[in-house]
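Next come the chains, spelled out residue by residue.
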2 protein chains.
Amino acid sequence: MEVAELGDANGARTAETLLRVVPIGFCLAALVLMIKNSEKNDFGEVSYSNIGGFKYLVYANGLCAAYSLLSAFFTARPGSSPSVRRRAWTFFFFDQVLTYVILAAGTVGAEILYLAYHGDAKVTWSQACDSFGGVCHKATASVGITFGSVACYAALSLFSSYRLFSTFDPPAASDAGAGGIEVAAFPR
Amino acid sequence: MEVAELGDANGARTAETLLRVVPIGFCLAALVLMIKNSEKNDFGEVSYSNIGGFKYLVYANGLCAAYSLLSAFFTARPGSSPSVRRRAWTFFFFDQVLTYVILAAGTVGAEILYLAYHGDAKVTWSQACDSFGGVCHKATASVGITFGSVACYAALSLFSSYRLFSTFDPPAASDAGAGGIEVAAFPR
């Protein structure tokens, strides 16, 4: 089994490990950019911690970085888990959840930036970026990087669902249709 | 093949069709609630169309309702697609995309509501719900219903990835590990 794992498996594992390592960098970059994001001027002082959505973005990126690190470690170490299928289920579940968490963080951040840049006269929310341009620029960078993590996690959740479900039998409906795949390739 | 499809397959197809039909109701309810959401009083007039995030929520719910209707139709009709695998790929792809779209709509709506209820003194964004309570209540209901659609779509995207990937061979790494599943169940 050790020998077999050194074959094609290594390529897939390297790709997966990379997809798990890259978000560590993205998440930490987005997190640090946002944490260091504050500005004090004549209009007052604003930092990320004054804005609920940006705080969520920081928490989500921290969680994502921690999970990425942990999961990259377990992916890179072969045969570390007692059961392959239990491990596939665990990765699958947390990859899905983290994808939703980090996507929510990105969209919430983007929405706040939209409001900060454009304001909303009807709701009497003023543009904030005229007064706090520096905060807005850094926040934009942080949100952009967060969407980089979203892309990685979307790919990861596909990969882990492929890894999990490919060990399953097709459902009855697809079973009946499974012959249809070949048939359909050569239609009458 | 028709006979085989009348067996277990019918249960799975019914469940999937239900999961596709329910969001039609959710999405239309959220959409109508939001579109009819406007209030005019001494403070001014506010409707959903004044708020970018709520407009996106309406568009996303419209798109989601249309796709749900279309996909429910094709799921309920047996053997309507020329190729089973191509159909599985199509459902899989659009289910994933719609899940992200509707999740983004829900979180953006929730973030705006958070700001509307609590305001943000530092950014000089005032609470809006003191003045426009009716708009906030309806918007809360609409966002809540949207999260109902999110739950359905999260389940659907799992189901369609299972349907697609279960027809695939496991990856090389899991192949080597596939024997390991049984082995792991009976460890030395």
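Sequence order as written defines the numbering, with residues in each chain counted from 1. Key to labels: chains lettered from A, ligands numbered from 1, both in the order written. The predicted nature of this model means local features are confined to residues of pLDDT at least 70 and side-chain atom pairs, given and counted, to a pLDDT of 80 or more, with totals for whole chains, interfaces and linings taken over all residues. Where side-chain values are given, they derive from all heavy atoms of the structure, hydrogens and water being excluded.

Chain A goes by CASP-like protein in an unreviewed UniProt entry, where it is assigned to Aristolochia fimbriata. UniProt positions are given in the numbering used here, feature names are shortened, and annotations may be inferred rather than shown by experiment. Note on chain A: under the UniProt heading Sequence similarities (unreviewed entry), the record states "Belongs to the Casparian strip membrane proteins (CASP) family." Under Subcellular location (unreviewed entry), UniProt gives the following word-for-word description of chain A: "Cell membrane".

Peer 1: Mind laying out the pairing of strand β2 (residues 44–47) of chain A, listing which residues take part and the relevant values?
Peer 2: Residues in a regular strand project their side chains so that they alternate between the two faces of the sheet. Residues and elements named next belong to chain A. Each pair of strands is called paired provided DSSP finds at least two bridges between the two strands. Note on conventions: DSSP H or I runs of at least 4 residues are helices, E runs of at least 2 residues are strands, and numbering of each starts at the N terminus. As paired elements, strand β1 (residues 38–41) and β2 share 4 bridges and run antiparallel to each other. Pairing of K40 across the sheet is with E45, part of β2. Between β1 and β2, which pair antiparallel and follow one another directly, the connecting turn spans 2 residues.

Peer 1: Pulling in residues and values, what's your account of the UniProt feature "transmembrane region" (unreviewed entry) in chain A?
Peer 2: All names here are of chain A. Under the UniProt annotation, "transmembrane region" (unreviewed entry) lies at residues 17–35, 56–77 and 97–117. Within the segment residues 56–77, helix and strand shares are 95% and 0% respectively, and the terminal C-alpha atoms sit 32 Å apart. Between the end C-alpha atoms of residues 97–117 there is a gap of 30 Å, over a span that is 100% helix and 0% strand.

Peer 1: Tell me about the confidence of the model for chain A, residues and numbers included.
Peer 2: Residue and element names in this part refer to chain A. Scored from 0 to 100, pLDDT reflects the predictor's confidence in each residue. Averaged over all residues, the pLDDT of chain A equals 83, while 84% of them reach at least 70. Only heavy atoms matter for contacts: two residues are in contact if any of them lie within 4.5 Å across the pair. Contacts from residues 1–6, a stretch scored under 50 in pLDDT, to residues over four places away or in other chains number 7 contacts. Note that pLDDT drops below 50 for residues 173–188; the model gives that stretch 12 contacts with residues more than four away or on any other chain. Predicted complex metrics record ipTM = 0.81 and pTM = 0.83.

Peer 1: Account for a nonpolar patch on the surface, naming residues and giving values.
Peer 2: Every patch collects residues that have over 30% relative accessible area and no salt bridge, joining them within 9 Å if they carry like charges and within 5 Å if they are nonpolar side chains (Val, Leu, Ile, Met, Phe, Trp, Tyr). Residue exposure ignores everything except the shown protein chains as possible cover, and the areas themselves are Shrake-Rupley values with a 1.4 Å probe. Whenever Lys or Arg places a side-chain nitrogen within 4 Å of a carboxyl oxygen from Asp or Glu, that contact is recorded as a salt bridge. On the surface, a nonpolar cluster with roughly 240 Å² of combined accessible area is contributed by L18, V22 and F26 of chain A. If you trace the backbone, L18 of chain A turns up in helix α2 (residues 9–35).

Peer 1: Which residues make up the packing of helix α4 (residues 84–118) of chain A against helix α4 (residues 84–118) of chain B, and what values do they have?
Peer 2: Fitted lines through C-alpha atoms serve as axes, helices being fitted only where they are in contact, and the angles separating the N-to-C directions of these axes extend from 0 to 180 degrees. Where α4 of chain A contacts α4 of chain B, the two axes come as close as 9 Å, and the packing angle between them is 50 degrees. Taken together, the axis directions place α4 of chain A and α4 of chain B in an arrangement best described as oblique. Regarding α4 of chain A and α4 of chain B, the two cross each other, and that crossing is right-handed. In contact with T99, Y100, L103, A104, T107, V108, E111, I112 and L115 of chain A of α4 of chain A, α4 of chain B contributes T99, Y100, L103, A104, T107, V108, E111, I112 and L115 of chain B. Angles below 35 degrees are treated as roughly parallel, those above 145 as roughly antiparallel, those between 65 and 115 as roughly perpendicular, and all remaining angles as oblique. Each crossing gets its hand from how the near helix is turned against the far one by less than a right angle, where anticlockwise is left-handed and clockwise is right-handed.

Peer 1: Describe in detail the pattern of salt bridges, supporting the description with residues and values.
Peer 2: Residue and element names in this part refer to chain A. All chains considered together, the criterion is met by 6 salt bridges over all chains. Here D95 and R20 are joined by a salt bridge, their closest N and O atoms 2.9 Å apart. With D95 in helix α4 and R20 in helix α2, the pair connects residues that are 75 residues apart, well separated along the chain. We classify R20 as buried; its relative accessible area is 1%. One network of salt bridges, with partners in common, ties together E16, R20, D95 and R163. The cut-offs for exposure are 20% and 50% of the maximum accessible area for each residue type, with area from a 1.4 Å probe on protein chains only; residues under the lower value are buried, those over the upper are exposed, and the others partly exposed.

Peer 1: Let's hear about the state of the cysteines: which residues, and what values?
Peer 2: We call a pair of cysteine sulfur atoms a disulfide whenever their separation is within 2.5 Å. Scanning the model with the defined rule gives 2 disulfides over all chains in all. Disulfide partner of C129 of chain A: C136 of chain A, at an S-S distance of 1.9 Å. Note on the C129 of chain A and C136 of chain A pair: the S-S dihedral is about -85 degrees, so by sign convention the disulfide is left-handed. This cysteine, C152 of chain B, is not joined by any disulfide, and C27 of chain B carries the nearest cysteine sulfur, 8.6 Å off. By relative accessible area, which is 10% here, C152 of chain B ends up buried.

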